[in-house]
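Structural overview for review
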Amino acid sequence: MHFKTLAIHAGHNPKDHLGAVMPPIYQSSTFAFRDVAQPGPFDYSRSGNPTRKALEDCLAALEGGTRGFAFATGMAAETTALMLFSAGDRLIVHSDLYGGTYRLFESVFRNKGISAEYVDLRDLEALRVALATPAAAVWIETPTNPLMNLTDLAAVSKLARAHGALTICDNTFLSPYFQRPLDFGIDIVLHSMTKYLNGHSDVVAGALVVKGEDLAARVGELQNALGTCAGPQDCYLVMRGIKTLPVRMEEHHRNALAIARWLAEHPAVAEVLHPGLESHPQYALAQRQMTGCGGTFSFRLKGGNEALYRLLRGVKVFLLAESLGGVESLIDHPATMTHASLSADVRRQMGIGDDLIRLSVGLEHVDDLIADLAEALS
Ligand SMILES: *Cc1c(COP(=O)(O)O)cnc(C)c1O
């Protein structure tokens with residue numbers, strides 16, 4: 001079936017729930033056994049919950065995976081994925097990625113003997129060199145937050161597989177509607193469902209979708225053993241959000257691309273970083289592995305701090321806030337907000353200057369959004 005149909009129906013069959021068209025919220029921590037030593041399909045909600053399972057089955061269908069898993073946050077999903085590894089394991093990690101992921105590697109897992117070596121995965125030769133030393137996994141984020149750099153999923157997964165390394169791809173920015181990493185040979189897809197999958201800025205949640213029964217069993221054991229799972233109320237809300245994912249993503253894409261084109265012509269703007277613009281250095285790759293660009297992109301502003309403060313304080317429709325992927329438009333200054341947990345040195349190395357602005361373009365009328373930016377930039 002088509003993606004739009006799966007987004008509405010996968011994971012839930014009304015016949016199993018008294019005809020309820022929407023999946024019920026099973027707000028129950030435990031489930032009565034049928035008989036001595038005979039549990040029903042669910043026994044305890046950390047191990048499994050019917051509402052969570054409906055979402056997890058839907059996620060697996062949308063990403064084309066063997067099994068999906070829902071977690072309390074995106075970081076809980078990342079933590080669970082990293083618990084697949086052991087002390088002494090070395091991971092090759094894209095050098096440009098979400099600040100919280102970098103912090104998890106550096107301030108939590110490095111102390112436990114799981115090390116990250118940062119490599120610019122746009123450079124396949126650099127990856128080949130890095131893979132010459134044994135690596136347990138390659139960690140990808142594409143497009144990257146906030147620089148909108150892309151990684152060639154087919155090329156990287158092929159190289160990693162040839163060297164026996166697992167591949168993990170953070171697909172938060174595009175959602176499965178615009179990019180399906182498993183189709184390109186990736187082993188594990190990761191989401192902050194807080195962003196586009198839920199889409200309404202009222203839940204924090206995360207997901208992993210894996211390919212292969214062996215990985216599915218290992219991640220399932222970890223989700224239960226670690227207790228990182230999402231609660232039923234949040235799973236319900238994410239499922240409700242997913243039903244409109246296709247229409248939301250199309251509109252996010254249209255609005256953001258129109259604003260990116262408008263900003264590219266604006267005299268106060270030095271550079272627009274958006275993979276749907278022909279000026280993006282990886283435009284051809286974007287056309288190959290993505291079917292759209294979503295609503296998030298960034299740009300560099302001229303005029304130093306004065307211009308920056310004027311813009312951040314001047315917007316009225318765009319809200320100055322972290323996060324992305326919701327129906328409302330947000331403006332973010334990565335250096336002082338989402339990526340403030342990185343040292344100034346690391347930010348500089350990555351290319352996250354004080355002049356960089358990230359927009360999460362929502363579903364308001366595009367003319368109002370452009371008028372808001374025009375006013376604040378004037
Ligand atoms: C927000 C985000 C995360 C972390 O997810 P939370 O739900 O905030 O824990 C991970 N990766 C990317 C790309 C993100 O944008």
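Up top is the structure.
Everything quoted here is computed from the prediction, not taken from an experiment.

For the rest of this paragraph, the subject is the sheet that holds strand β11 (residues 330–332). Sheet architecture is open: five strands sit in the order β8-β9-β12-β11-β10, paired in mixed fashion. Here the strands that pair on one side only, and so sit at the sheet edges, are β8 (269–273) and β10 (319–320). In terms of strand pairing, β8 meets strand β9 (residues 296–301) through four bridges, oriented antiparallel. Looking at the pairing, V269 lines up with L301 of β9. Set on the sheet, helix α10 (residues 245–264) makes contact with β8, β9 and β12 (356–360); between it and β9 the angle comes to about 10 degrees.

Tallied over the entire structure, the rule returns 17 salt bridges. Here D120 makes a salt bridge to R122, at a shortest N to O gap of 2.9 Å. Assessed through its relative accessible area of 43%, R122 is described here as partly exposed. Two residues, E251 and R254, come together in a salt bridge whose shortest N-O distance is 2.7 Å.

This next bit is on the packing of aromatic side chains. A complete count under the given rule lists five aromatic pairs for this structure. Measuring from ring centre to ring centre gives 5.3 Å for F105 and W139, while their planes differ by 85 degrees; the resulting arrangement is edge-to-face. Of this pair, F105 sits in helix α4 (residues 99–109) while W139 sits in strand β4 (residues 137–141), and the two are 34 residues apart along the sequence. Accessibility classification places F105 together with W139 in one group, the buried group. Among the aromatic residues, those joined into a ring-pair cluster are F3, Y177 and F178. Note that K195 overlies the ring of Y98, its terminal NZ or CZ placed 5.4 Å from the centroid.

Turning next to the sheet that holds strand β1 (residues 67–71). With mixed pairing, the seven strands of this open sheet are ordered in space as β1-β7-β6-β5-β4-β2-β3. One side of each edge strand has no neighbouring strand; the edge strands of this open sheet are β1 and β3 (115–119). In this sheet, adjacent strand axes meet at a mean angle of 20 degrees when their direction is disregarded. In terms of strand pairing, β4 meets strand β5 (residues 166–170) through five bridges, oriented parallel. Across the sheet, the residue bridging to A137 is L166, located in β5. Here α4 sits on the sheet in contact with β2 (90–94), β3 and β4, set at roughly 135 degrees to β3.

Looking now at unusual backbone geometry. Here the amide bond leading from T142 into P143 is cis, since omega sits at -5 degrees, within 30 degrees of zero. Mapped onto the elements, P143 comes out in the loop between β4 and α6 (153–162). Across the junction of N145 and P146, the peptide omega takes the value 10 degrees, indicating a cis bond. Structurally, P146 can be placed in the loop between β4 and α6. One non-glycine residue, A37, lies in positive phi territory at about 65 degrees. Of note, A37 is situated in the loop between α1 (3–9) and α2 (50–63). Positioned with a positive phi, M148 is a non-glycine residue whose angle comes to about 60 degrees. Of note, M148 is situated in the loop between β4 and α6. Of the residues examined, M148 reaches a relative accessible area of 1% and is grouped as buried.

What follows covers the packing of helix α3 (residues 74–82) against α4. Where α3 meets α4, the closest approach of the two axes is 11 Å, and the angle between their N-to-C directions is 45 degrees. Comparing the axis directions of α3 and α4 gives the class oblique. The interaxial crossing formed by α3 with α4 has right-handed handedness. Mapping the contact onto sequence places M75, E78, T79 and L82 in α3 and G100, T101, L104, F105 and F109 in α4. Of the residues contributing to the contact of α3 with α4, the split by class is five nonpolar, three polar and one charged.

Here the focus is the environment of V119. Structurally, V119 is set in strand β3. Residue classification places V119 among the buried residues on the basis of a relative accessible area of 7%.

In the vicinity of the ligand there are 13 residues, among which M75, D170, S192, T194 and K195 approach most closely. Take S192: an N or O atom from its side chain is 2.8 Å from an oxygen atom of the ligand. The side chain of T194 places a nitrogen or oxygen atom 2.7 Å from an oxygen atom of the ligand. In isolation the ligand offers 380 Å² of accessible surface; the protein chains occlude 92% of this area. Its atoms largely coinciding with the cavity grid, the ligand occupies the largest pocket.

Calculation criteria
- All residue numbers here refer to positions counted from 1 along the written sequence of the relevant chain.
- Residues qualify for local features only when their pLDDT is at least 70, as the model is predicted, and side-chain atom pairs are given and counted only at 80 or more; totals for whole chains, interfaces and linings, by contrast, use all residues.
- Side-chain descriptors were evaluated using all non-hydrogen atoms of the structure, hydrogens and water having been removed beforehand.
- Strand pairing is assigned whenever DSSP detects at least two bridges linking the two strands.
- Helix and strand definitions follow DSSP, with helices as H or I runs of at least four residues and strands as E runs of at least two, each counted in order from the N terminus.
- Should any heavy atoms of two residues lie within 4.5 Å, those residues are counted as being in contact.
- Angles here are taken between N-to-C directions and fall from 0 to 180 degrees, while the axes themselves are lines fitted to C-alpha atoms, restricted in helices to the stretch in contact.
- We define a salt bridge as a contact between a side-chain nitrogen of Lys or Arg and a carboxyl oxygen of Asp or Glu at a distance within 4 Å.
- Burial classes follow relative accessibility: with a 1.4 Å probe on protein chains only, a residue under 20% of its type's maximum area counts as buried, one over 50% as exposed, and anything between as partly exposed.
- Classification of ring pairs uses Phe, Tyr and Trp, with its six-membered ring standing for Trp, and accepts pairs whose centres are within 6.5 Å; under 30 degrees between planes counts as stacked, over 60 as edge-to-face, and the remaining range as tilted.
- Remark: a charge is flagged as sitting over a ring if the NZ atom of Lys or the CZ atom of Arg is within 6 Å of the ring centre and within 35 degrees of the ring normal.
- When describing relative orientation, an angle under 35 degrees is termed roughly parallel and one over 145 degrees roughly antiparallel, while 65 to 115 degrees is termed roughly perpendicular and anything else oblique.
- Throughout, a crossing is termed right-handed when the near helix is turned clockwise from the far one, and left-handed when it is turned anticlockwise from it by less than a right angle.
- Under the grouping applied here, Gly and all other residues not named as nonpolar or charged are polar, the nonpolar ones being Ala, Val, Leu, Ile, Met, Phe, Trp, Tyr, Cys and Pro and the charged ones Asp, Glu, Lys and Arg.
- Residues are labelled near a given molecule or strand when at least one of their non-hydrogen atoms is within 4 Å of it.
- For this analysis, a polar contact is any N or O atom pair within 3.5 Å, provided that within protein one partner can donate a hydrogen and the other can accept it, and provided that sequence-adjacent residues contribute only side-chain to side-chain pairs.
- Reported accessibility uses the Shrake-Rupley method at a 1.4 Å probe radius. Residues are deemed covered only where the shown protein chains occlude them.
- Two kinds of site are reported from a 1 Å grid over the protein atoms alone, namely cavities, where a 1.4 Å probe fits but cannot get out, and pockets, open sets with protein on both sides within 12 Å along at least five of seven lines, and residues are called lining when an atom falls within 4 Å of a point.
- The rule for placing a molecule in a cavity or pocket is simple: more than half of its atoms must lie within 2 Å of the grid points.

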